[in-house]
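Residue-level structural notes
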Amino acid sequence: VAEPSAVTQEPVEVTTAPTSPVEALDVQASPAECLQGIWQMDEESFNILINTLLPMSNFGILSGTVSLSFDQDLYIYNLDNLTIRFTSSPDNYIQGTGAVSSSGTFTVDGNAILFNNTSTVSEVTNWEALVNGQITSMPGTAPTLYFTLPGSGVFTCSGNTLSIDTTGTTNTPERLSFQRLD
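Notes on the structure follow.

Here is what the cut-offs are and how they apply
- Residues numbered from 1 in each chain as written.
- Predicted model: local features only at pLDDT ≥ 70, side-chain atom pairs only at ≥ 80, totals over all residues.
- Heavy atoms only, no water.
- Helix = DSSP H or I, 4+ residues; strand = E, 2+ residues; numbered from the N terminus.
- Buried < 20%, exposed > 50% of the residue type's maximum accessible area, 1.4 Å probe, protein only.
- Contact = heavy atoms within 4.5 Å.
- Phe/Tyr/Trp six-rings, centres within 6.5 Å; stacked < 30°, edge-to-face > 60°.

The next thing to look at is the side chain of Ser67. Assignment of secondary structure puts Ser67 in strand β2 (residues 59-71). The class for Ser67 is buried, based on a relative accessible area of 16%. Residues in contact with Ser67, not counting those within four places in the same chain, are Trp39, Gln40, Ile76, Tyr77 and Asn78.

Here you go:
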């Protein structure tokens, strides 16, 4: 029986490319835990929400931000620096500026969320009207504005992105998208 011959191998130099630190994965124990924190709605979703709640072609949003915060089983939904306009003709409109805050509890079952609105507070800080080319402004007073989240929907929460698929007043599925602020 022949003996295997000895094989000599030249030493191999091993080099590694520099690596950057790997960010910790945002692993959530449950979809409900992912919701916790403060979220801001993107502008497109904001317009979808308003058009879903008030499907009128002569009603529009000129400015504002929407935030949604979750803490335990409570939520707060804020519309800040909101300016809405109702236009009756090219020479006539009325617009109001103010803020709306709704709060309540929510429940989660898998990826389904149910909002239970318990309180809405609003403040109109200014009214402006254009009538026949004349602009008139006055401090805000009634009516009280109510913009609440649709009652339920299916949500997807991953890292810094939250999407809630809901049905508005026109029974049309709508996707509301948010980005995490904290």
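Counting across every chain of the model gives 3 aromatic pairs. Measuring from ring centre to ring centre gives 5.0 Å for Tyr75 and Phe115, while their planes differ by 75 degrees; the resulting arrangement is edge-to-face. Highlighted residues: Tyr75 in strand β3 (residues 74-89) and Phe115 in strand β5 (residues 112-131), separated in sequence by 40 residues. Cluster of aromatic residues (ring-pair linked, three or more members): Phe70, Tyr75, Phe106 and Phe115.

To continue, consider unusual backbone geometry. Positioned with a positive phi, Asn81 is a non-glycine residue whose angle comes to about 50 degrees. Positionally, Asn81 belongs in strand β3. With a phi angle near 50 degrees, Asn132 is a residue other than glycine that sits in the positive phi range. With a relative accessible area of 66%, Asn132 lands in the exposed category.

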